[in-house]
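# Overview (structure and organization)
Chain residues, written in single-letter form:
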Amino acid sequence: MDQSQQAAPDTIDLKQLLSVLNAYKKGDFTARMPVDLAGVSGKIADTLDQIIDMAEQTTVEYARVAKAVGRQGRIDQRIDVVGARGGWAQQNISSNSIINDLVSPMSEMIHVIGAVSEGDLSQI
């Protein structure tokens with residue numbers, strides 16, 4: 001059998017698994033398990049890679065919204081991580097709630113200032 005005909009390995013290299021887990025623990029979302037594992041080992045590797053992908057997507061989305069809301073003043077922007085469920089989704093909901101709580105008074109203040117600038121003192 002040549003190399004192209006060899007069956008996919010079905011055991012995880014524990015040192016490699018530990019290396020990927022340690023990188024993930026340190027916030028390095030570039031580490032991945034090999035994609036050529038078969039059986040349960042392949043499912044474990046794929047699942048870990050999917051978890052790391054979700055963490056990476058969440059980080060990118062948080063950075064996008066931080067820039068949009070905090071630096072660009074786009075107060076309508078909210079966190080939306082595609083595929084987030086369970087605790088991942090709750091994390092996004094909680095973060096969006098914080099944004100809403102911070103933005104709401106500012107939006108009301110902008111409304112009042114606009115009304116007053118047009119002579120409507122009933123907003124005070």
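Please read these numbers as outputs of a predicted model, since none were measured by experiment.

## Details of the pattern of salt bridges
If you walk through the whole model with that rule in mind, you get three salt bridges. Residue Arg-32 is joined to Glu-56 by a salt bridge in which the shortest nitrogen-to-oxygen separation is 3.1 Å. Of this pair, Arg-32 sits in the loop between α1 (14-25) and α2 (39-71) while Glu-56 is found in helix α2, placing the two residues 24 residues apart along the sequence. A relative accessible area of 27% means that Arg-32 is categorised as partly exposed. A salt bridge links Arg-64 to Glu-61; its shortest N-O distance comes to 2.7 Å. Residue Arg-64 and its partner Glu-61 are both found in helix α2; the two are separated by three residues, about one turn of the helix. Take Glu-61: its relative accessible area is 11%, and that puts it in the buried class.

## Here we look at the packing of α2 against helix α3 (residues 86-117)
For the pair α2 and α3, interaxial distance at closest approach is 12 Å and the crossing angle is 10 degrees. Regarding the angle of α2 to α3, the classification is roughly parallel. Side by side, α2 and α3 meet where Ile-51, Met-54, Ala-55, Thr-58, Tyr-62 and Val-65 of the first sit next to Trp-88, Gln-91, Asn-92, Ser-95 and Ile-99 of the second. In terms of residue class, the contact of α2 with α3 is made up of seven nonpolar, four polar and no charged.

## Things to note about the nonpolar core
Counting twelve residues, the largest nonpolar core is built from Ile-12, Leu-17, Val-20, Ala-23, Phe-29, Ala-31, Met-33, Leu-37, Ala-45, Leu-48, Ile-52 and Ala-55. Put simply, the parts of the chain that give this core at least two residues each are α1 and α2. Once you skip the residues sitting within four places of it in the chain, Ala-55 turns out to touch Tyr-24, Phe-29 and Trp-88. Counting residues in each nonpolar core, the second largest holds nine residues, with Val-69, Ala-89, Ile-99 and Val-103 among its members.

Criteria and cut-off values
- Residues numbered from 1 in each chain as written.
- Predicted model: local features only at pLDDT ≥ 70, side-chain atom pairs only at ≥ 80, totals over all residues.
- Heavy atoms only, no water.
- Salt bridge = Lys/Arg side-chain N within 4 Å of Asp/Glu carboxyl O.
- Helix = DSSP H or I, 4+ residues; strand = E, 2+ residues; numbered from the N terminus.
- Buried < 20%, exposed > 50% of the residue type's maximum accessible area, 1.4 Å probe, protein only.
- Axes fitted to C-alpha atoms, helices over the stretch in contact; angles between N-to-C directions.
- Parallel < 35°, antiparallel > 145°, perpendicular 65-115°, else oblique.
- Contact = heavy atoms within 4.5 Å.
- Nonpolar A, V, L, I, M, F, W, Y, C, P; charged D, E, K, R; others polar.
- Core = buried A, V, L, I, M, F, W, Y, C linked by side-chain atoms within 4.5 Å.

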